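Fold and geometry: a report
Chain residues, written in single-letter form:
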Amino acid sequence: MMKTKMIFAWKDRENAVREAAEELRRGGLVVFPTETVYGLGANAFDAEAVRHIFEAKGRPQDNPLIVHIADMQQLADAAGEVGDTARILMDTFWPGPLSVIVKKSARIPDAVSAGLETVAVRMPENELAREIIARAELPVAAPSANTSGRPSPTLARHAFEDLCGKVPLIIDGGPCRVGVESTVVDATGEVPVILRPGDITPEMIRKAVGDVKIHHGIMGEAAPEEVCASPGMKYKHYAPRAAVTVFTGDKKEVAKQIDFRYHIDSMQGKKAAVLCLDECAAFYPQLRVFALGAGAAEAEAALFRTLREIDEQGFDTAYFHAQEEKMGLAVMNRIIRAAGHRVVAAGEEKE
Ligand code: TXA
Ligand code: MG
């Protein structure tokens, strides 16, 4: 077991940046904050260092990583040719929670791109993240800093729970502002294609570029021949230990269905929780309610933390009262995966 050091950036920012940069330069792994979720970073030029990321997370080798940069000078380290569409997206949304897929530079090893000719690049909005990357003078390959299959970490404590003993350094920069991972966009063609929804919405991208497509694997289960578009689609993600079921439809119908399921589950001695927006909390006087806030931004920020709390508190079952319009695509995409695609359309007769 490796000794894991934790540095609190608000106490000693200068030291946090220096030690993180040194660790990256010597080929080590560093957990660092971003505005989306905590990342598990390594030198993106160093195939050996990158292999340690996969080991620490227990992540399948064929799922490529996102390369993080601090400024536009570093773009050429990671990317080859950058087309007009990609350029507009970068100009509009960076620094920020958008990963742009472009042709990769020859310096990025296959360990990062999983053998693809492309690479996902992102310039995070989080200033501590950019300071660390700039000080290291390296592009940083980083997936989310969770054990594969667990909800992504939005607090340093979550990363510590999953990776203690497996990484040398964790930088605690406080809670992540956004709370769900970046929007991933394939910008190798003229029309950008969203492969993973996030805080940067399809509407925002359409406004910037004029057009956008949403990969249909985002909500449904992607067919095998489609997963090569984004290998991340084929894995069950964000899974808490509790069995999650998503309920959609008219909110009164959903409340009736959840109440019915609650009675069945409690007869079997199961401990059940409900996740919903604040406005629906009053429907569930008998249940332990985890209110996710008023709308999409608050629900994004609360989602992964809440999924971890549900496990910590030993719930067997979690009902998710979905309000797609208000919660947004990013939250719906994450919860449907956490539920292993168990979705009940309330009012309809079949699961
Ligand atoms: O917000 C985020 O993006 C966080 C923070 C740390 O920046 N990182 C993150 O990384 O979520 P990760 O590895 O958990 O997710 C990367 C996603 C995967 O779904 C992967 O399949 C996709 O991006 N991806 C990466 N490179 C790709 C490529 N060249 N082509 C298609 N998909 C790619
Ligand atoms: Mg991840």
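Residues numbered from 1 in each chain as written. Chains lettered and ligands numbered in written order. Predicted model: local features only at pLDDT ≥ 70, side-chain atom pairs only at ≥ 80, totals over all residues. Heavy atoms only, no water.

Quick word on the UniProt feature "domain: YrdC-like" (unreviewed entry) in the chain
Let me state the cut-off plainly: UniProt positions are given in the numbering used here, feature names are shortened, and annotations may be inferred rather than shown by experiment. A run of H or I in DSSP becomes a helix once it reaches four residues, and a run of E becomes a strand once it reaches two; helices and strands are each numbered from the N terminus.
Under the UniProt annotation, the feature "domain: YrdC-like" (unreviewed entry) is placed at residues 14-200. Between the C-alpha atoms that bound residues 14-200 there is a distance of 31 Å. The span itself is 32% helix and 19% strand.

Here's the deal with the pattern of salt bridges
Put simply, the test is: Every case where a carboxyl oxygen of Asp or Glu lies within 4 Å of a side-chain nitrogen of Lys or Arg is listed as a salt bridge. Think of it in three bands: with a 1.4 Å probe and only protein chains considered, a residue is buried below 20% of the maximum accessible area for its type, exposed above 50%, and partly exposed in between.
Taken as a whole and judged by the stated rule, the model has 21 salt bridges. Between E131 and R13 there is a salt bridge, with the nearest N and O atoms lying 2.7 Å from each other. With E131 in helix α6 (residues 127-136) and R13 in helix α1 (residues 13-25), the pair connects residues that are 118 residues apart, well separated along the chain. Residue R13 is classed as partly exposed on the basis of its relative accessible area, which comes to 37%. Among the ionic pairs, R305 bridges to E309, the shortest N-O distance being 3.7 Å. Here the residue R305 and the residue E309 both occupy positions in helix α10 (residues 296-312), the gap between them amounting to four residues, near one helical turn.

Remarks on the UniProt feature "binding site: L-threonine" (unreviewed entry) in the chain
Stated precisely, the cut-off is as follows: A contact between two residues is defined here by any heavy atoms of the two lying within 4.5 Å. Counted as a polar contact is a pair of N or O atoms within 3.5 Å, where, for protein atoms, one must be capable of donating a hydrogen and the other of accepting one, and residues adjacent in sequence contribute only when both atoms are in side chains.
Under the present numbering, the feature "binding site: L-threonine" (unreviewed entry) in UniProt falls on T36, H68, R122, A142 and S182. With the annotated positions falling across 147 residues, the maximum pairwise C-alpha distance of 12.5 Å places them together in a single cluster. Leaving out residues up to four positions away in the same chain, T36 has contacts with P97, R122, T154, C176, V178, G179, V180, E181 and S182. Among the polar contacts made by the side chain of T36, one reaches the side chain of T34 at a distance of 2.8 Å. Here A142 is to be found in the loop between β7 (140-141) and α7 (156-163).

What to know about α7
The cut-off we apply is this: Here, the arc refers to the directions that run from the helix axis to the C-beta atoms.
Those residues of α7 not exposed but buried are A156, H158, A159, D162 and L163. End-on view of α7: buried residues confined to an arc of 155 degrees, all on one side of the axis. Trailing α7 by a residue or two, G165 shows a phi angle of about 90 degrees, which is positive.

Side note on the sheet that holds strand β13 (residues 272-276)
Note the following rule: Pairing between two strands is assigned when DSSP locates at least 2 bridges connecting them. For helices, the axis comes from a line fit to the C-alpha atoms of the stretch in contact; other axes are also lines fit to C-alpha atoms, and the angle between any two N-to-C directions lies between 0 and 180 degrees.
In space, the five strands of this open sheet follow the order β14-β13-β15-β12-β16, with parallel pairing throughout. Where the open sheet ends on each side, the last strands, each with one partner, are β14 (288-291) and β16 (343-345). Averaged over all neighbouring strand pairs, the angle between strand axes comes to 25 degrees, with direction disregarded. Note that β13 and strand β15 (residues 317-321) share four bridges and pair parallel. Within β15, the residue paired with A272 across the bridge is T317.

As for the packing of aromatic side chains
Rule in force here: Only centres within 6.5 Å qualify two rings of Phe, Tyr or Trp (six-membered ring in Trp) as a pair; their planes then separate them into stacked at under 30 degrees, edge-to-face at over 60, and tilted for everything else.
For the coordinates displayed, the defined rule picks out four aromatic pairs. For the ring pair F8 and W10, a centre distance of 5.3 Å and an interplane angle of 55 degrees mean the geometry is tilted. Relative to F315, the ring of F290 lies with its centre 5.7 Å away and its plane at 85 degrees, an arrangement referred to as edge-to-face. In this pair, F290 is assigned in strand β14 and F315 in the loop between α10 and β15, connecting sequence segments 25 residues apart. Across the pair, exposure class does not vary: F290 and F315 are buried alike.

Observations concerning the site of ligand 1
As a reminder, the rule being used: Here a residue is considered near a molecule or strand provided that any single heavy atom belonging to it is located within 4 Å of it. The method behind every accessible area is Shrake-Rupley, applied with a 1.4 Å probe, and residues are considered shielded solely by the protein chains displayed.
Around ligand 1 sit 27 residues, and of these T36, R59, N63, H68 and S182 come closest. With respect to ligand 1, the side chain of R196 contributes an N or O atom lying 3.0 Å from an oxygen atom. Coverage of ligand 1 by the protein chains reaches 96% of its 680 Å² of free accessible surface. Elements supplying a minimum of two residues to the shell around ligand 1: β4 (66-68), β6 (118-122) and β10 (193-196).

A look at unusual backbone geometry
With an omega dihedral of -10 degrees, the bond running from W94 to P95 counts as a cis peptide bond. On the secondary structure map, P95 appears in the loop between α4 (84-93) and β5 (98-103). One non-glycine residue, H341, lies in positive phi territory at about 65 degrees. Summarising the element assignment, H341 is placed in the loop between α12 (329-338) and β16.

Re α12
In terms of residue burial, α12 counts as a mostly covered element, since nine of its 10 residues are buried. Among all positions of α12, only A330, V331, M332, N333, R334, I335, I336, R337 and A338 are buried. In this fold, the buried residues of α12 make contact with β10, β12 (243-248), α10, β15, α11 (324-327) and β16. Phi turns positive one or two residues past the end of α12, at G340, with a value near 55 degrees.

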